[in-house]
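Below, each chain spelled out in residue letters.
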Amino acid sequence: MPSNELNLHHLISMSDSRALFEHADFDKPRKEHGYCVDDVARALVVLERSNTQDPRARELIQLYFNFISEAQSPDGHFANRCNVLGRWTSPREMGDHWGRALWALGTIANRDPDRGLAKFALLKFDLSANHWTHHLRPMVYAGLGAIEILNSRPNHAPAEKLLRDATEAIQLPTDQQWPWPEERLSYGNAVIPELMMLAGHYFSEVKLIDEGITLLRWLIGVETAKDHFSVTPHNGWSRGETRPCFDQQSIEVAALVDACATAFDVTRNADWLTYIERGLAWFEGANDSSTQMYDPLTGAGFDGLTPSGRNENRGAESTLSYLSVVERSNAYLGVLR
């Protein structure tokens, strides 16, 4: 159906008056597992990017922003998990959720039409942007938030420093047979070359752009079988291990699509758009199990691709990964097929 609107039915059904539930039992939220900043931050990025006119989306953005704000401590750390009673059940620390929260805050500050909300998000971004961690993934996610800030506020000092720190955290090996900066592929892998391209573009460092593009091409080669994506499974993958492997997660497809959209932005080479199409096709059934990985009636994404089909649960991460790919497809390919 040609449309620029996202199907938010399942996302809404997975949310209550506090936030977005993390897990689902088939299509029903598993309330006993509560909420997490990781997923709420993902949701904010998708909704802000979509520029949807659905009034329910505006309500979700405010709801999710309030949740992120409550998770942040005065020193700029974030708790990740909260139970249905509103009690935070994890410490405030510097995990992936810190990086994703900064990505979400940067996206709101850059894109939200409510400039009051955007200004508040910027203040909250600045509060957390002066931290640093040795772990690569949170730094890369935080760097994506920094880029969002810098897109509308060039030379913003906290964002610029965070972007430089995130970029320097990516240390490429000299082994051309395994050029990846980690010993093993894990999850959302394409965010790494994406950040390299974005940082190279912002800092006008052509070498960094080229390295990001080369690394993304290598990753696509590893995660392709014939004419479809065959992505890294939930427990990771390294050279010498069998392919295809399972359970495959939709977050990996969404990260590839994001990175290819960025590669197109940086190079204007239309070949990158074919990989956005390939990402959408993965959800439609062009995958290793020939299985549709979304529910067209509700906009839900299924939790994992298995050798014999799919995991029928429809949690927040999988749904947001699907919606992200739809949004990128709408933005770069014109309309949803």
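Residues numbered from 1 in each chain as written. Predicted model: local features only at pLDDT ≥ 70, side-chain atom pairs only at ≥ 80, totals over all residues. Heavy atoms only, no water.

J.: Report on the side chain of Asp 258, specifying residues and quantitative values.
T.: Tracing the backbone through its elements, the reader meets Asp 258 in helix 10 (residues 250–267). Its relative accessible area of 6% is what places Asp 258 among the buried residues. If we ignore the near neighbours within four places in the chain, the residues touching Asp 258 are Arg 49, Trp 103, Glu 194, Ser 324 and Arg 328. (Helix = DSSP H or I, 4+ residues; strand = E, 2+ residues; numbered from the N terminus. Buried < 20%, exposed > 50% of the residue type's maximum accessible area, 1.4 Å probe, protein only. Contact = heavy atoms within 4.5 Å.)

J.: Please provide a residue-by-residue account of the packing of aromatic side chains, values included.
T.: Tallied over the full model, the rule gives 14 aromatic pairs. For the pair Trp 178 and Trp 218, a centre-to-centre distance of 5.1 Å together with 85° between the ring planes defines the contact as edge-to-face. You can see Trp 178 sitting in the loop between helix 7 (157–168) and helix 8 (191–202) and its partner Trp 218 sitting in helix 9 (residues 206–222), a full 40 residues away along the chain. What makes Trp 178 buried here is its relative accessible area of 6%. Measuring from centroid to centroid gives 6.1 Å for Phe 264 and Tyr 332, while their planes differ by 85°, and the two rings are edge-to-face. Remark: Tyr 332 occurs in helix 12 (residues 316–333) and Phe 264 occurs in helix 10; sequence separation between them is 68 residues. Overall, Phe 264 belongs to the buried group, its relative accessible area being 13%. An aromatic cluster is defined as three or more aromatic residues linked by ring pairs; in this entry it consists of Phe 21, Tyr 35, Phe 67 and Trp 88. The ring of Trp 237 carries the charged tip of Arg 243 above its face, separated from the ring centre by 4.7 Å. Residue placement shows Arg 278 over the ring face of Phe 229; its charged tip is 5.5 Å from the ring centre. (Phe/Tyr/Trp six-rings, centres within 6.5 Å; stacked < 30°, edge-to-face > 60°. Lys NZ or Arg CZ within 6 Å of the ring centre and 35° of its normal.)

J.: Just give me the short version of the packing of helix 11 (residues 273–284) against helix 12, but keep the residues and values in it.
T.: Closest axis-to-axis distance for the helix 11/helix 12 pair is 10 Å, and the angle between their directions is 145°. For the crossing formed where helix 11 meets helix 12, the hand is left-handed. Touching Leu 273, Ile 276, Glu 277, Gly 279, Leu 280 and Phe 283 of helix 11 are Ser 321, Tyr 322, Val 325, Val 326, Arg 328, Ser 329, Tyr 332 and Leu 333, all from helix 12. Of the residues belonging to the contact of helix 11 with helix 12, the class tally is 9 nonpolar, 3 polar and 2 charged. (Axes fitted to C-alpha atoms, helices over the stretch in contact; angles between N-to-C directions. Left-handed = near helix turned anticlockwise from the far one by under 90°. Nonpolar A, V, L, I, M, F, W, Y, C, P; charged D, E, K, R; others polar.)

J.: Give me the lowdown on helix 7, citing residues and values where you can.
T.: A rise of 1.5 Å per residue sets the reference length of helix 7, with its 12 residues, at 16 Å; its end C-alpha atoms lie 17 Å apart and thus fit the reference within 8%. Of the residues making up helix 7, those classed as buried are Ala 159, Leu 162, Leu 163, Asp 165, Ala 166 and Thr 167. Summarising the contacts, the buried residues of helix 7 are in contact with helix 4 (96–111), helix 5 (115–128), helix 6 (136–152), helix 8 and helix 9. (Expected span 1.5 Å × (residues − 1).)

J.: Requested: an account of the environment of Gly 304, with residues and values cited.
T.: By secondary structure assignment, the location of Gly 304 is in strand 9 (residues 304–306). Since its relative accessible area comes to 2%, Gly 304 is described here as buried. For the pair formed by Gly 304 and Gln 249, sequence separation is 55 residues and the distance between their alpha carbons is 5.1 Å. Setting aside residues no more than four positions away along its own chain, Gly 304 makes contact with Gln 248, Gln 249, Met 293, Gly 309, Arg 310 and Asn 311.

J.: Hey, could you go over unusual backbone geometry for me, with residue numbers and the actual values?
T.: Cis geometry is adopted by the peptide bond preceding Pro 244, which originates at Arg 243 and carries an omega value of -10°. One can find Pro 244 in the loop between strand 6 (228–229) and helix 10. Not every positive phi belongs to a glycine, and Asn 51 is a case in point at roughly 50°. Tracing the sequence through the fold places Asn 51 in the loop between helix 2 (37–50) and helix 3 (55–71). Asn 51 sits in the exposed class, given a relative accessible area of 54%. At Lys 226, a residue that is not glycine, the phi angle is positive and equals roughly 55°. As for its position among the elements, Lys 226 is in the loop between strand 5 (224–225) and strand 6. Owing to a relative accessible area of 82%, Lys 226 belongs among the exposed residues under this scheme.

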